[in-house]
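So the chains spell out like this:
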Amino acid sequence: MPDATFLDSTELVLNMGPQHPSTHGVLRVILKLDGEKVLGTDCVIGYLHRGVEKIAENRTYAQFNPYVDRMDYVAAVSNGLGYCLAVEKLLNVEAPPRAQAVRVILTELNRIASHLLWLGTHALDIGAITPVFYCLREREEALKIFENYCGARLTTHAFRIGGLQYETYDGFEREVLAFCDMFLPRVDEYEELLTNNRIWVGRLKGVGVLSAEECKEFGVTGPVLRAAGVKWDLRKAQPYSGYEKYDFEIPTCETGDTYDRYVVRMQEMRQAVRIMQQAVAAIPEGPIMGKVGKVIKPPVGEAYVSIEAPKGELGYYVVSDGSTQPYRVRVRPPSFVNLQALDRMVRGGLVADVVAVIGTLDIVLGEVDR
Amino acid sequence: MADEQKPGGSEAPGPQGASAPKPPAAAADAAKAAPPKPAAAHAPPKPPATMAAVPWDSDLARELKDRFGGGITEASTYLGQNFVVAKREAAIAVIEHLKLEADFDYLVDITAVDWPKRADRFDLVYILYSFARNERLRVKVSIPEGYRPETAVGVHLTANWLEREVFDMFGIEFDGHPDLRRILLPEEWQGYPLRKDYGILQQDQRWVQENLGIESGQ
């Protein structure tokens, strides 16, 4: 909250949000300004708080599964994967190979969809109108595959504890491969519009720098951490769902500014295509559900399982008391933790850069507030 | 699932067999617990009532025990995940030691679990990760209601918001926290929603009526 110094004549307190298009949802930032310069920020969050962790304690393990889609609603598949893996860990079962391959395909497709929405809206914030139309056009193709697979475009509930909700549909492989072939040249197209664009470079280079040490201090993960030069990706560091079988790179940059984060995410989309192509080429035959009873009742215990979601490390800490309902589910949301670094990134910068930095953090308020 | 329970079940009678009165007591407990749950009638033998964790044998666990002595009361592993239980006075020292001496330089998460029937009502859970070792470690601390644990902000900056959320949801006040305010709920909100005695439909009606101008949030 504003302290006494706010009354100093040279300082101005500016309220941004919660109804501001560039805050990507209901984020309110109280900015302390000296002219154009940012002296400090205070984030006010919680507008979308629904008490997801409390709901979990009052639902069975399977009933809670669809709720997690509503946290990071542009990457629902990742949320579901993390939750299913956590409960599977407690049950000590593993999804069968076929289910794992389809999980990887859908999760990577979701990573692309999430990054596309980020790119479009981020470019829009900076003042580039065109990319958002292209990005949403391609994202539509990805959402169509989700829709064909499970009937939903956003809140997919695609996975079940122990495997998959549905068998793949006829032409699934063909459609995914067609998407991959279509998509790679489109990434080049976006890059043509932006990568060497003078305004784009001018607005992003050197803005909102977060060094590797600062990232670790703030617990910042995902593309933000990799843009600062840390080659760390949970898909490589602690592989899950068979990611160790696929050949892909972890893109990194060095300075950790807004432009680097753009470069890293663009490369990640290309890598996601690579993973999908390999996975589609080798979907094993077999069952799609592991040995999980009708009633899910993990033994007393606890587990923390995390995955590399599009925004960073998404973790689930689940405590079981041996009953059919989780005793406690804690979601470790990447957006919430990354958002905390906003103050460090914008302090001393210009007020116009706050918009660029919020965009580059790629937060989803549904996940920040849960 | 069944496979998982069997080893636990066969292990349990081993140590208990040594002292004669225990097995019947355990069986009686199981029988008592069975009736309220109809599903238990045809369920396999009841799984152990506590976590089937095994001692965590490693250099790090030994080093921590040497360094902190009684400050570390347990070092165990469950499902391949390691955790240590620390005395509440030692917790921050353990986390700082892990950061400075053992490369656990990334505080992933801080959270709490409410066990209202226990004397030490809350479990505080610190999840740590080491980039250098590619290893995770949980540090758990039991604290009674009203106890003010020391803040971890001095060791990891990320603890700031994480502790604010724990305060917001559980009412645990961290001693020395630079900015301990509610983070997700409004500042004037009464009650701590993630405590077990807070109902799923419960709300701060007065706040809802005063600020939203509606009778009830339900």
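Relevant structure appears above.
As the structure is a computational prediction, the values presented were derived from the model and not from experiment.

Caption draft 1: Examining the sheet that holds strand β5 (residues 122-130) of chain B more closely. All names here are of chain B. Taking strand neighbours across the sheet as the criterion, the 6 strands line up as β1-β2-β3-β6-β5-β4 in an open arrangement whose pairing is mixed. One side of each edge strand has no neighbouring strand; the edge strands of this open sheet are β1 (54-55) and β4 (106-114). As judged from the 2 bridges shared by β1 and strand β2 (residues 72-78), these two strands associate in the antiparallel manner. Residue pairing in the sheet places P55 in a bridge with S76 of β2. Sheet strands in contact with helix α6 (residues 159-170) are β4 and β5, and its direction is about 10° off that of β4.

Caption draft 2: Here's a closer look at the interface of chain B and chain A. Facing the 38 residues of chain B at the interface are 38 residues of chain A. Those elements giving two or more residues to the side of chain B that touches chain A turn out to be α1 (2-11), β4, β5, β6 (135-143) and α6 of chain B. For the side of chain B that touches chain A, the leading source of residues is β4 of chain B, giving 6 residues. Taken together, the residues of the side of chain B that touches chain A sort by class into 24 nonpolar, 9 polar and 5 charged.

Caption draft 3: Structural context of the nonpolar core. One finds V87 and I105 of chain A together with I95, Y126, L128 and V139 of chain B to be the most contacted residues of the largest nonpolar core, which totals 153 residues. Filtering out sequence-adjacent residues up to four positions away, V87 of chain A remains in contact with Y61, I161, I296, P298 and V318 of chain A.

Caption draft 4: Looking closely at the packing of helix α5 (residues 130-150) of chain A against helix α6 (residues 172-194) of chain A. Residues and elements named next belong to chain A. With their axes 11 Å apart at the nearest point, α5 and α6 run at an angle of 170° to one another. When the interaxial angle is binned, α5 and α6 end up roughly antiparallel. In this structure, α5 meets α6 at a crossing whose hand is left-handed. Together, T130, P131, Y134, E138, E141, A142, I145 and Y149 of α5 and F172, E175, V176, F179, M182, F183, R186, E189, Y190, L193 and L194 of α6 make up the contact between the two elements. Here the contact of α5 with α6 is composed, by residue class, of 13 nonpolar, 1 polar and 5 charged.

Caption draft 5: Region of interest: unusual backbone geometry. Residue and element names in this part refer to chain B. Here L79, not a glycine, exhibits a phi torsion of approximately 55°, which is positive. By secondary structure assignment, the location of L79 is in the loop between β2 and β3 (81-86). We classify L79 as partly exposed; it has 18 C-beta atoms within 10 Å. One non-glycine residue with positive phi stands out, namely N134, at about 55°. Looking at the secondary structure, you find N134 in the loop between β5 and β6.

How each quantity is defined
- Residues numbered from 1 in each chain as written.
- Chains lettered and ligands numbered in written order.
- Predicted model: local features only at pLDDT ≥ 70, side-chain atom pairs only at ≥ 80, totals over all residues.
- Pairing = 2+ DSSP bridges.
- Helix = DSSP H or I, 4+ residues; strand = E, 2+ residues; numbered from the N terminus.
- Contact = placed C-beta atoms within 7 Å.
- Axes fitted to C-alpha atoms, helices over the stretch in contact; angles between N-to-C directions.
- Nonpolar A, V, L, I, M, F, W, Y, C, P; charged D, E, K, R; others polar.
- Core = buried A, V, L, I, M, F, W, Y, C linked by C-beta atoms within 7 Å.
- Buried ≥ 20, exposed ≤ 12 C-beta atoms within 10 Å, placed from the backbone.
- Parallel < 35°, antiparallel > 145°, perpendicular 65-115°, else oblique.
- Left-handed = near helix turned anticlockwise from the far one by under 90°.

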